[in-house]
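# Report on the structure
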Amino acid sequence: MASPDPRRERLLLCGWLAAAFALSAVTDLRALGLAALAAAVAFRRGLPRALGRVARLVLPVTLAMSALSWAFLRLGAPVAPPLEPFLALAARTLLLAFLAFSVLARVNLLRALAPWPAATRLVVIALAQIHALRLLATESADGLRSRLPRRPGPLDVVRNASGITAALLVLAVRNAREVSDAMRSRGF
Amino acid sequence: MHVPDGFLSPAITLPAYAVAAPLWALAARRHLGRDAADALPVVGALTALAFVVQTIAIPVPGGTSTHLVGVTLLAILYGPLLAFLCESLVLLLQALFFGAGGVTVLAVNALAMGLLGPLAGWAVHRLLRRRAGRAAAFLGAWVSMQVAAGAVALVLGLQHRVAPEYFPVPFAVSATALLAPSLAVTGLVEGLYTVLALALLRRADLRGLA
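What you see is a predicted model; the values in this text were computed from it and never measured.

Cut-offs and rules
- Residues numbered from 1 in each chain as written.
- Chains lettered and ligands numbered in written order.
- Predicted model: local features only at pLDDT ≥ 70, side-chain atom pairs only at ≥ 80, totals over all residues.
- Heavy atoms only, no water.
- Contact = heavy atoms within 4.5 Å.
- Salt bridge = Lys/Arg side-chain N within 4 Å of Asp/Glu carboxyl O.
- Polar contact = N/O pair within 3.5 Å; in protein donor to acceptor, adjacent residues only side chain to side chain.
- Helix = DSSP H or I, 4+ residues; strand = E, 2+ residues; numbered from the N terminus.
- Nonpolar A, V, L, I, M, F, W, Y, C, P; charged D, E, K, R; others polar.
- Buried < 20%, exposed > 50% of the residue type's maximum accessible area, 1.4 Å probe, protein only.
- Axes fitted to C-alpha atoms, helices over the stretch in contact; angles between N-to-C directions.
- Parallel < 35°, antiparallel > 145°, perpendicular 65-115°, else oblique.
- Left-handed = near helix turned anticlockwise from the far one by under 90°.

What follows is about the interface of chain B and chain A. Every contact between the two is made by 65 residues of chain B and, on the other side, 59 residues of chain A. Run the count over chain B and chain A and you get 0 salt bridges. In this assembly, chain B and chain A are joined by 3 residue pairs in polar contact (both at pLDDT 80 or more). The set of elements that each furnish at least two residues to the side of chain B that touches chain A consists of helix H1 (10–32), helix H2 (36–53), strand E1 (57–60), helix H3 (71–78), helix H4 (80–97) and helix H7 (171–203) of chain B. When residues in the side of chain B that touches chain A are grouped by element, the largest group, 16 residues, is from H2 of chain B. Partitioning the side of chain B that touches chain A into residue classes produces 52 nonpolar, 9 polar and 4 charged.

Put into structure tokens, the structure is as follows:
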């Protein structure tokens, strides 16, 4: 299978950024509906997956915020506040999240960053370290759960997090030195 | 505490980029400019550390959870500018690789959570550390969370004032939603975490490692 063209990926990223800023200015519900339809057609491959992520990660916060605000305004006013601005806020947020998930699933960000080697190295180092440190943090949390006969409370987790932070910092700095030496030996 | 994409219009987000861009340039020149082979891995490692600390969920009464931020700790250990750079990278990685926050609001989030909050926490810690010791770290972290939450609430309030039809949520609601959990839970948790982590790091004498 031919690998995607990095220039196409960069164009897609630039298009997404421009669209995100443009859509973040839209308040008209009809325009947002049309944009959502266009986005769904353009990104129909992977549509259920992207919608699922939107529903899981963005929908609850957006709906809760809109509903609470509407209820707050309703309490202080003799007539119900108009629903349109709340619907537009929710639609805009959900559409922007859908666009982000759909575009980022189609782009290899590291390949797109290739013309900027320093940025690429920084992202590679950060992502690799995130992966390594996350494994350690997960193991530590599992260890905490296995040591306690009950569910860990907030104090248990904070105490454990402080300890793991010290270990993570040691590991992160040691890894950073190793990467630094490796980079220098390769001529960076 | 992240503002998601769609909550703020370009009238707010573009000026925020204009403010953040020179600060990013300054931070990058100061911390990445001298020797990339040495500085890049350290910044990458501290960014990863901040990212991972922010994934640690703290259960709070009521069945929900909050998470640590950990940027005040970085500001106290390595200075507010490096903390700003690392938190900005965390927010960028979260927006690009994990779908949290957003690209249009990146500068607003970075200024609130990466600069104003940690800068306030760092200043409080610097002012009180000789007299108050551990309490200075606790207070610094607590203040940092309140300043960050307050800044986000102010920006959302400003958006409501500029264009209520765009963001219909009044300042009172945004401020309550952001500051109530921050004052009651997140600030205390962050303060406790910062005190304990600093104590462990001092015991191991790790401050000069990076």
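There's plenty left to go through after this.
It is worth spelling out the environment of Ala100 of chain B at this point. All names here are of chain B. Within the element layout of this structure, Ala100 appears in the loop between H4 and helix H5 (106–132). A C-alpha to C-alpha distance of 7.4 Å links Ala100 and Pro4, two positions 96 residues apart in sequence. Discounting residues that sit within four places of it in the chain, Ala100 has contacts with Gln94 and Ala95.

It is worth spelling out the pattern of salt bridges at this point. All names here are of chain A. By the definition in use, this model includes 2 salt bridges over all chains. In this structure, the salt-bridge partner of Arg111 is Glu9, at a minimum N-O distance of 3.1 Å. One end of the pair, Arg111, is in helix H6 (residues 109–112); the other, Glu9, is in helix H1 (residues 6–23), and 102 residues separate them in sequence. Accessibility expressed as a relative area gives 27% for Arg111, which makes it partly exposed.

For the rest of this paragraph, the subject is the packing of H4 of chain B against H5 of chain B. All names here are of chain B. Orientation of H4 relative to H5, taken along the N-to-C sense of each, is 150°, at an axis distance of 9 Å. Here H4 is positioned roughly antiparallel relative to H5, judged by the angle of their axes. Seen along the crossing, H4 lies across H5 with a hand that is right-handed. Across from Pro80, Ala83, Phe84, Glu87, Ser88, Leu91 and Leu92 in H4, the residues of H5 making contact are Leu106, Asn109, Ala110, Leu111, Met113, Gly114, Leu115, Leu119 and Trp122. Among the residues forming the contact of H4 with H5, the class breakdown is 12 nonpolar, 3 polar and 1 charged.

Now for the side chain of His125 of chain B. Residues and elements named next belong to chain B. By secondary structure assignment, the location of His125 is in helix H5. We classify His125 as buried; its relative accessible area is 6%. Setting aside residues up to four positions removed in sequence, His125 forms contacts with Ile76, Ala136, Ala137, Leu198 and Arg202.

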